[in-house]
Amino acid sequence: MQTLACPDCDLLQSVPDLPPGGKASCGRCGHVLATGTADPISRPLALTIAALLLLIIANFDPLMGLSAVGRHASTTIIGGAYQMWIEGEQATAVIVGFCAVVAPAGYILFMLMVLLGAGRTPVPGWVGEMLRWAERMRPWSMVEVMMLGILVALIKIAALAKVEPGFGMFAVGVLMLLIPAIEVSFDPHAIWQRVAWVKPKTSPPIAGDSAPEASS
Amino acid sequence: MAAALTAAQAGLIGCEHCGLLVRAASADEPGHCPRCGSALESRRRQSIERTWALVIAAAICYIPANLLPVLGTTTLGSTEYDTIMGGVVFLYTSGSWPLALIVLIASVMVPLGKLIALGYLLISVQRRSSSSNRERTRLYRMVEFIGRWSMLDVFVDTFTVALVQLSPLMAVRPGAGVMFFAAVVVLTMIAATTFDPRLIWDAGGEQES
């Protein structure tokens, strides 16, 4: 049992210890306050490692090729941003590069460090910092939006020339499923409970958040 | 359930990063979270002012984003310019109406809907409205969730430009509209994070459902 403030409406609530797969929602606004995970590390870690491998393929293999009038062209994700840059749209190129390459890579790498660090005892303090960075990157990682964008571009170009999907596109397709799978299997609360506190408890919390067994 | 009391009413702050519930040292300077070290805030600072500024900036960018071309296609010396709506019409006439619908929703309706929704949330919070709190919170979550999808057309344009370089026969160049379009998406995404949904509930009312 622990007391939490709902991040969406600030209501104080007691959340019981949850069985694996259990879910506690805010009684007032419906925000999911906590989820129960049986194994907070191995499954997200396996998914993260798979995502890392696909990320490499997605970034280095061509997404698609185009042939017309005896000429052939192909592009990668970075190639797309680079072409935008040399066409004079540097600001757009930076946004595309960030959302398509930097943020997904950042999210996956920070999550990898979090999960590897959280498996150690005691859990090192930098795990919390890495987790914060992973959460900061997540909204900007737009692999699924990019995938749909590639498909729309493919269909638009198919009217002009012959296009063949490349290996990189299939990697993006699987990566698009793996990133939400990491999120669903991962419980940040379980990690935070293991992380060493940064400072001595100068302002002690009132609720037994670090000790779930404490009776309130 | 205990009596409905918010953390702010109890002099507590829930850390936005790690969820730890901390007793605020003082109302003006709540200090830092003892567990994760991030700055504690009972409510996001200047949430309404900052969100308004971002929403207005995004609304201004929304106009050139729709009026300026996002793509210019040069075929044998003549150049054709396409706006976002032009791209939707192209997809529709070339027979793929499901894609035309997706681009129309993601590029035109979602950004406009986000601007209207954020404006409505801001005005209702400023008027201290205390009704339909749950619905307004749900609307906020939808704005947060859907925001990334309006980047769709920026990706479509990027990959079209990168691939169709068959000079001298045909070349596709990005237009200035694409930059404004990306700006609308980025600004509304930041606006969704500066808005504090807890403000919706601060006016009271509907304590328990």
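Definitions and cut-offs
- Residues numbered from 1 in each chain as written.
- Chains lettered and ligands numbered in written order.
- Predicted model: local features only at pLDDT ≥ 70, side-chain atom pairs only at ≥ 80, totals over all residues.
- Heavy atoms only, no water.
- UniProt positions renumbered as here; feature names shortened; annotations may be inferred.
- Helix = DSSP H or I, 4+ residues; strand = E, 2+ residues; numbered from the N terminus.
- Rg over C-alpha atoms; globule rule 2.2 N^0.38 Å.
- Buried < 20%, exposed > 50% of the residue type's maximum accessible area, 1.4 Å probe, protein only.
- Areas by Shrake-Rupley, 256 points an atom, 1.4 Å probe, with all protein chains shown as cover.
- Axes fitted to C-alpha atoms, helices over the stretch in contact; angles between N-to-C directions.
- Parallel < 35°, antiparallel > 145°, perpendicular 65-115°, else oblique.
- Left-handed = near helix turned anticlockwise from the far one by under 90°.
- Contact = heavy atoms within 4.5 Å.
- Nonpolar A, V, L, I, M, F, W, Y, C, P; charged D, E, K, R; others polar.
- Domains from an automatic or database assignment.
- Buried area = accessible area lost by both parts, 1.4 Å probe.
- Salt bridge = Lys/Arg side-chain N within 4 Å of Asp/Glu carboxyl O.
- Polar contact = N/O pair within 3.5 Å; in protein donor to acceptor, adjacent residues only side chain to side chain.
- Arc of directions from axis to C-beta.
- Core = buried A, V, L, I, M, F, W, Y, C linked by side-chain atoms within 4.5 Å.

Looking up chain B in an unreviewed UniProt entry gives the name Putative paraquat-inducible protein A, with the organism given as Thiorhodovibrio frisius. Chain B has a UniProt comment under Subcellular location (unreviewed entry) that states "Cell inner membrane".

The name given to chain A in an unreviewed UniProt entry is Putative paraquat-inducible protein A, with Thiorhodovibrio frisius as the source organism.

K.L.:
When you look at the overall build of chain A in this model, what are you seeing that I'm missing?
P.N.:
The helix and strand tally for chain A stands at seven helices and seven strands. Across chain A, helices and strands are ordered from the amino to the carboxyl terminus as β-β-β-β-α-β-β-α-α-α-α-β-α-α. For 216 residues, the compact-globule formula gives about 17 Å, and the C-alpha radius of gyration of chain A, at 22 Å, lies well above that figure. With the C-alpha coordinates aligned to their principal axes, the bounding extent of chain A is approximately 75 × 35 × 30 Å. Burial statistics for chain A: of 216 residues in total, 54% are counted as buried. Carbon and sulfur atoms form 67% of the exposed surface of chain A, whose accessible area is close to 9,400 Å².

K.L.:
Just checking my understanding: could you explain the packing of helix α1 (residues 42-60) of chain A against helix α3 (residues 90-118) of chain A for this structure?
P.N.:
Two quantities define a packed helix pair, namely the angle between the helix axes and the distance between the axes. Residues and elements named next belong to chain A. Two elements in contact, α1 and α3, have axes whose closest approach is 10 Å; the angle formed by their N-to-C orientations is 150°. The orientation of α1 with respect to α3, classified from their angle, is roughly antiparallel. In this structure, α1 crosses over α3, and the sense of that crossing is left-handed. For the pair α1 and α3, contact is made by P44, L45, T48, I49, A51, L52, L55 and N59 and by V101, P104, A105, I108, L109, M111, L112, L115 and L116, respectively. Of the residues that constitute the contact of α1 with α3, the class distribution is 15 nonpolar, two polar and no charged.

K.L.:
How do you make sense of the UniProt feature "transmembrane region" (unreviewed entry) in chain B when you look at a structure like this?
P.N.:
Residues and elements named next belong to chain B. Under the UniProt annotation, "transmembrane region" (unreviewed entry) lies at residues 52-77, 97-124, 145-164 and 176-195. Across residues 52-77 one finds 62% helix and 19% strand; the C-alpha atoms that close the span lie 45 Å apart. As a span, residues 97-124 carries 100% helix and 0% strand, and end to end its C-alpha atoms are 37 Å apart.

K.L.:
Help me out: how do you make sense of the UniProt feature "transmembrane region" (unreviewed entry) in chain A in this one?
P.N.:
Residue and element names in this part refer to chain A. Sequence positions flagged by UniProt for "transmembrane region" (unreviewed entry) are, in local numbering, residues 45-64, 93-119, 140-161 and 167-186. End-to-end, the C-alpha atoms of residues 140-161 are 32 Å apart, and along that stretch the chain is 73% helix and 0% strand. Counting secondary structure, residues 167-186 comes out at 95% helix and 0% strand; the distance between its end C-alpha atoms is 29 Å.

K.L.:
What exactly am I supposed to notice about the domain arrangement of chain A here?
P.N.:
Size of an interface: often given as the accessible area lost when the parts come together. Residue and element names in this part refer to chain A. Once the domains are mapped, chain A shows domain 1 (1-38) and domain 2 (39-194). Centre-to-centre separation of domain 1 and domain 2, based on C-alpha positions: 30 Å. If you look at the interface, domain 1 gives five residues, while domain 2 gives six residues. Where domain 1 abuts domain 2, roughly 450 Å² becomes buried across the two surfaces, and 42% of that area is made up of carbon and sulfur atoms. When the area that domain 1 buries against domain 2 is broken down by residue, the three leading residues are Q2, T37 and A38, summing to 69%. If you look at where domain 1 meets domain 2, you find zero salt bridges. Inspection of the domain 1/domain 2 interface yields zero residue pairs in polar contact (both at pLDDT 80 or more). Tallied by class, residues from the side of domain 1 that touches domain 2 come to two nonpolar, three polar and no charged.

K.L.:
Even after reading the chapter, I still don't get the interface of chain B and chain A, so can you show me in this structure?
P.N.:
Contact with chain B, which involves 72 residues of that partner, is made by 75 residues of chain A. Of the roughly 6,500 Å² buried between chain B and chain A on both sides combined, carbon and sulfur atoms contribute 70%. Among the residues chain B hides against chain A, the three largest losses belong to R35, F159 and L163 of chain B. Together they make up 13% of the total. Put simply, chain B and chain A have four salt bridges between them.

K.L.:
Got a minute to help me understand helix α2 (residues 77-86) of chain A in this structure?
P.N.:
In an α-helix, one turn spans 3.6 residues; hence positions three or four apart end up facing the same way. Residue and element names in this part refer to chain A. Of the positions making up α2, those classed as buried are I77, G80, A81, Q83 and M84. For α2, the angular spread of buried residues about the axis comes to 160°, placing them on one side. The opening residue of α2, the one whose side-chain oxygen lies 3.0 Å from the backbone nitrogen of G79, is T76. The positive-phi residue at the C-terminal boundary of α2 is G88, with phi of around 95°.

K.L.:
Can you walk me through the pattern of salt bridges in this structure?
P.N.:
Once their charged atoms are close, side chains differing in charge can pair, the charge on each being opposite to the other. For the structure on display, the rule yields eleven salt bridges over all chains. Between E87 of chain A and R173 of chain B there is a salt bridge, with its nearest N and O atoms 2.6 Å apart. Of this pair, E87 of chain A sits in the loop between α2 and α3 while R173 of chain B is found in strand β6 (residues 170-174), placing the two residues in two different chains. One salt bridge connects R44 of chain B with E16 of chain B, and the closest N-O pair in it is separated by 3.0 Å. Pair noted here: R44 of chain B is in the loop between β2 (21-23) and α1 (47-67) and E16 of chain B is in the loop between β1 (12-14) and β2, with a separation of 28 residues, a long-range link. Sharing partners across several salt bridges, the network here consists of E16, R44, D196 and R198 of chain B.

K.L.:
So what exactly am I meant to see when it comes to the nonpolar core here?
P.N.:
Taken as a class, soluble globular proteins show a tendency for nonpolar side chains to be buried jointly. Core analysis: the largest hydrophobic core is formed by 130 residues, its most contacted members being I191 of chain A together with M151, F155 and F159 of chain B. Counting residues per element, this core draws most heavily on α3 of chain A, which supplies 16 residues. Filtering out sequence-adjacent residues up to four positions away, F155 of chain B remains in contact with V96, C99, A100, M142, V145, M146 and G149 of chain A.

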